[in-house]
Amino acid sequence: MTAPPGEELARLATLHGVATSYQPSPDRTVTASAGAVTRALAALGVDAGTPKAVRAALAARERALRERLLPPTVVCWRGSPCEALAALPEGTALRVETEQGECRDSVGQLPLGVHQLTVTAPDGRTGRAHLVVAPPRLPTPAGRSYGLLVQLYSLLSRRSWGMGDLGDLGELTSWAGRALGAGFVQVNPLHAAVPGTPTDPSPYRPSSRRFPDPVHLRVEDVPEFAYVRDDDDPRSALLDRAGRLREAVLEKGGLIDRDAVWELKREALELVARVPLGPGRRAAYCGFLAEQGQALEDHATWCALAEVHGSQWRRWPAGLRDPRSAETTRARGELMDRVDFHSRLAWLTDAQLTDAQRAAREAGMPVGIVHDLAVGVHPEGADAWAQQEYFAAGMSVGAPPDAFNARGQDWGLPPWRPDRLAASGYAPYRRLLKALFRYAGALRIDHVMGLFRLWWVPQGEPPTEGAYVRYDAEAMLAVLVLEASLAGSVVIGEDLGTVEPGVRETLRERGVLGTSVLWFERDWDGDGRPLSPDRWRDDCLATATTHDLPSTAARLTGEHVELRDRLGLLTRPVEEERAEAANDAAEWLGLLTRLGLLAGTGGGDRSSEEAEVQAVHRFLLRTPARMIGVWLPDGVGDRRPQNLPGTWDQYPNWRLPIADATGRPVTLEELAASPRLRALIEVLREEHGRDPAGSSPAARTSARSSAQASAEA
């Protein structure tokens, strides 16, 4: 165990938002090492390598805080006094330049947005800050609704090119909205991946969070594909190869091969790019380029450079490692055709994502598509290259040791620097949110606790040698509420696991929904038994499972224990694990029986697994949760998790198609005709009648419009 930080180092760390201790449980406090604290400060540009340096940095920081009039970013919640402005000396003059182009001499009745604030104190001191004006909270979703949760790549139709695509997503939302009365469909992150062979299949380590991955494109839905020249019949040949990729997964037991899918789609899209755009399409493309600006140019440039130099930009020629260098500008010009190609792919993907959300709304969904925002980006990806000044060099995001993982976790994702974000008025964060809300009826934020603090792990050190670094949660939340409100969208925070006291309460105050998973909802402060439905929170998305957990059938049968045993992942004798899993399932089934939910009989009919899965979802409907999520593979009895944490090549994470109880892949068309899935959905419809949200489609549309209007007012 390395030495703890001394008093002066601890004071310096606190002033820069670096925590010197943390609590893995309420009754236990762990002190961070001096080395971890020193390296976190170094990543923030603070030299704390020697006692002399610590004293100098401490004096400088205390002086800067004492002399400044305002922090770099100030938050003003509409309708509430602004604490930072209230603390200014009496008689201080204010000048606000709004992002709408107006000039004001007060903060009263300011429009929503991020404005520029200048203050002048009576003694002549001046200060400048970004002023975030946001609604006090997000609008509440209209009524209750249920929806489907799915990993898009796993949802293959008879038209897919080897993995689920945006055409499949549009079909799913149209069917689920119209035929099932579903209110939403939640998908995995569709962010752009880092190219390579093999590509990292995890959707949670993307190259860019701002731009989607064109591997999800439905190529046949690109208008120009119909005009690809028929020399040697290329369209027919492409479709034949796509059929073989699809057959390999659906008929021959193969895994989803993202690399092969992208190779084929890229070949097709290269042909599409040779087709001239019509005047209207050209104008739309040029408008997209102008709207996205520098960010898209950077992203497309990185993609073009990666084709030449590989995807690890830190190994590129020195001049190209800087996105603003003369060498990069020269290379961009030389590769302009490739830059345009990748820009066009971003445009096409954005258009199909927008079409999918439109299809969901036209199908009567009050929310539509719930997109997923990963907690960070790959260190070698486009965002890390283009936004280097905003990332903490030499650091990785992870989690400290806790009751579930004694060694801690290192996720390999560089964290944003809170000081640089604040100095920019959270510009990159806001641009990211604005881009996602273009086509999201709701946004799920992975590890939403990261808006408050993140565990920084120095490169080369184990996760135990990390430290928490705080972010300005008020500013992060204000920007989130601002952009979600302007878009009329819902926000769901993934707040599972260890959560710092006060975080859930703050999120709730601002209208951010939480996430509740059945198997984790126990009376942890009491007898540890399953929580009755009336004790669940209402401001959440309630589900039986997630992509990182066993399916409901596997949990009920104990098959998840056998899987982990086969892979050597158990930390205790298999008999103990089996007994604990059986007891866990028995407790829940006992509660379902006592509540009269099992098979709807009021008795102990547990003869079929299907009846037990239905009972679990009847239970979810008994809770006050505003949104009820059905893991789509649960609808056909799939046994396999999509991701098994703690594995890499031992298990085919992120590469499995949805399958039935026997392991046979099931297509979207078969899902739509599945009696088992239909029976499960009927359980949800029974509670709410014809419309699970408790109102007619017209009423839902009216309520949605009212909510959006109130957010914009």
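Bear in mind the structure is a predicted one, so any value in this text is a computation, not a measurement. (Residues numbered from 1 in each chain as written. Predicted model: local features only at pLDDT ≥ 70, side-chain atom pairs only at ≥ 80, totals over all residues. Heavy atoms only, no water.)

## A look at a negative patch on the surface
Together, E171, E220, D221 and E669 make up a negatively charged patch on the protein surface. With respect to the helices and strands, the residue E171 is situated in helix 5 (residues 166–179). Looking at E171, the relative accessible area reads 45%, which means it is partly exposed. (Patch = residues over 30% accessible without salt bridge, like charges linked within 9 Å, V, L, I, M, F, W, Y side chains within 5 Å. Areas by Shrake-Rupley, 256 points an atom, 1.4 Å probe, with all protein chains shown as cover. Salt bridge = Lys/Arg side-chain N within 4 Å of Asp/Glu carboxyl O. Lys, Arg positive; Asp, Glu negative; His and termini not counted. Charge placed at Lys NZ, Arg CZ, Asp CG, Glu CD. Helix = DSSP H or I, 4+ residues; strand = E, 2+ residues; numbered from the N terminus. Buried < 20%, exposed > 50% of the residue type's maximum accessible area, 1.4 Å probe, protein only.)

## Side note on the sheet that holds strand 3 (residues 73–77)
The strand order 3-7-6-4-5 describes an open sheet built from five strands, whose pairing is mixed. Each end of this open sheet is capped by a strand with a single partner; those strands are strand 3 and strand 5 (103–104). By the bridge criterion, five bridges tie strand 3 to strand 7 (residues 126–134) in an arrangement that is parallel. By the bridge assignment for strand 7, W77 is matched with A134. (Pairing = 2+ DSSP bridges.)

## Quick word on the layout of surface pockets
A volume near 810 Å³ is recorded for the second largest pocket. R68, P71, P72, A422 and D472 are the residues nearest the centre of the second largest pocket, which is lined by 29 residues in total. Listed by contribution, the elements that provide at least two residues to the lining of the second largest pocket are helix 1 (7–15), helix 3 (51–67), strand 3, helix 4 (83–86), helix 12 (418–423) and helix 14 (473–487). Here the lining of the second largest pocket is composed, by residue class, of 17 nonpolar, five polar and seven charged. (1 Å grid on protein atoms, 1.4 Å probe; cavity = no way out; pocket = protein on both sides within 12 Å on 5 of 7 lines; lining within 4 Å. Points joined across faces, edges and corners; volume = space filled by probe spheres on them. Nonpolar A, V, L, I, M, F, W, Y, C, P; charged D, E, K, R; others polar.)

## Describing the packing of aromatic side chains
Within this structure, the stated rule accounts for twelve aromatic pairs. Pairing Y22 with W455 gives two aromatic rings, centres 5.0 Å apart and planes at 70°, and the pair type is edge-to-face. Placement of the pair is Y22 in strand 1 (residues 21–25) and W455 in strand 16 (residues 453–458), with a sequence separation of 433 residues. Of the two residues, Y22 and W455, neither departs from the other in class, the shared state being buried. (Phe/Tyr/Trp six-rings, centres within 6.5 Å; stacked < 30°, edge-to-face > 60°.)

## Considerations on unusual backbone geometry
Residues T197 and P198 are joined by a peptide bond in cis, for which omega reads 0°. You will see that H447, though not glycine, has its phi angle at about 50°, which is positive.

## Considering the confidence of the model for the protein chain
Considering every residue of the protein chain, the mean pLDDT works out to 92; 94% of them sit at 70 or more. Note that residues 600–606 has pLDDT below 50 and, in this model, 14 contacts with residues that lie over four places away or in other chains. Scored below 50 in pLDDT, residues 689–713 makes 35 contacts in the model with residues more than four places away or belonging to other chains. (pLDDT = per-residue confidence, 0-100. Contact = heavy atoms within 4.5 Å.)

## Digging into the sheet that holds strand 15 (residues 442–445)
Pairing is parallel across the open sheet formed by eight strands, whose spatial order is 18-15-12-9-8-21-20-19. The open sheet has two free edges, formed respectively by strand 18 (490–493) and strand 19 (514–517), since each of these has just one partner strand. For this sheet, the mean angle separating the axes of adjacent strands, direction not counted, is 25°. Where strand 8 (residues 145–150) lies against strand 9 (residues 184–187), four bridges are found, and the strand directions are parallel. Its bridge partner being in strand 9, V150 is matched across the sheet by V187. Along the sheet face, helix 5 touches strand 8, strand 9 and strand 12 (368–373) and points at about 150° away from the line of strand 9. (Axes fitted to C-alpha atoms, helices over the stretch in contact; angles between N-to-C directions.)

## Focus on the packing of helix 8 (residues 279–309) against helix 9 (residues 326–334)
Put simply, helix 8 and helix 9 touch, their axes get as near as 10 Å, and they point 75° apart. As far as their axial angle goes, helix 9 and helix 8 are roughly perpendicular. Listed contacts from helix 9 to E297, D298, T301 and L305 of helix 8 are T328, A331 and R332. Broken down by class, the residue content of the contact of helix 8 with helix 9 amounts to two nonpolar, two polar and three charged. (Parallel < 35°, antiparallel > 145°, perpendicular 65-115°, else oblique.)

## Some details on the pairing of strand 19
Each regular strand carries side chains that alternate between the two faces of the sheet. Because side chains alternate across strand 19, one face comprises the buried residues G514 and S516, and the other comprises T515 and V517, equally buried. Inspection of the sheet shows strand 19 paired to strand 20 (residues 540–543) by four bridges, in the parallel sense. Residue G514 lies in a different strand from strand 20, and its bridge partner there is C540.

## Let's talk about the nonpolar core
L148, W456 and L480 are the most contacted members of the largest nonpolar core, which totals 139 residues. Sorting elements by how many residues they give to this core places helix 14 first, with ten residues. Counting residues in hydrophobic clusters, the runner-up holds 36 residues, among them M163, Y285, L296 and L348. (Core = buried A, V, L, I, M, F, W, Y, C linked by side-chain atoms within 4.5 Å.)

## A closer look at the packing of helix 13 (residues 427–436) against helix 14
At their nearest, the axes of helix 13 and helix 14 sit 10 Å apart, and the two run at 30° to each other. Judged by the angle between their axes, helix 13 and helix 14 are roughly parallel. Considering how the two elements wind past one another, helix 13 and helix 14 form a crossing that is right-handed. Note on element contacts: helix 14 touches helix 13 through M476, V479, L480, L482 and E483, opposite Y429, R430, L433 and K434. (Left-handed = near helix turned anticlockwise from the far one by under 90°.)

## Quick notes on helix 8
Since one α-helical turn is 3.6 residues long, residues separated by three or four positions face the same way. Taking 1.5 Å per residue as the helical rise, helix 8 with its 31 residues ought to reach 45 Å, whereas the 35 Å between its terminal C-alpha atoms falls clearly short. At G293, helix 8 shows its maximal kink, close to 100°. G310 lies just past helix 8 and shows a positive phi near 90°. (Expected span 1.5 Å × (residues − 1). Bend = angle between axes of the 7 residues up to and from the residue.)

## Points about helix 1
For helix 1, every residue scored as buried is listed here: L9, A10, L12 and A13. All buried residues of helix 1 fall inside an arc of 165° around its axis, so they share one side. Of the exposed residues in helix 1, those oriented more than 90 degrees away from the buried face are E7 and T14. The secondary structure elements touched by the buried residues of helix 1 are helix 2 (34–43) and helix 3. Trailing helix 1 by a residue or two, G17 shows a phi angle of about 80°, which is positive. (Arc of directions from axis to C-beta.)

## A closer look at the side chain of R639
Within the secondary structure, R639 sits in the loop between strand 21 (627–631) and helix 20 (668–672). In this structure the side chain of R639 is engaged in a polar contact, spanning 2.9 Å, whose partner is the side chain of E559. For R639, the side chain forms a polar contact with the main-chain oxygen of G637, separated by 3.0 Å. Contacts of R639, omitting those with residues within four sequence positions, involve S551, A553, A554, T557, E559, E609 and A661. (Polar contact = N/O pair within 3.5 Å; in protein donor to acceptor, adjacent residues only side chain to side chain.)

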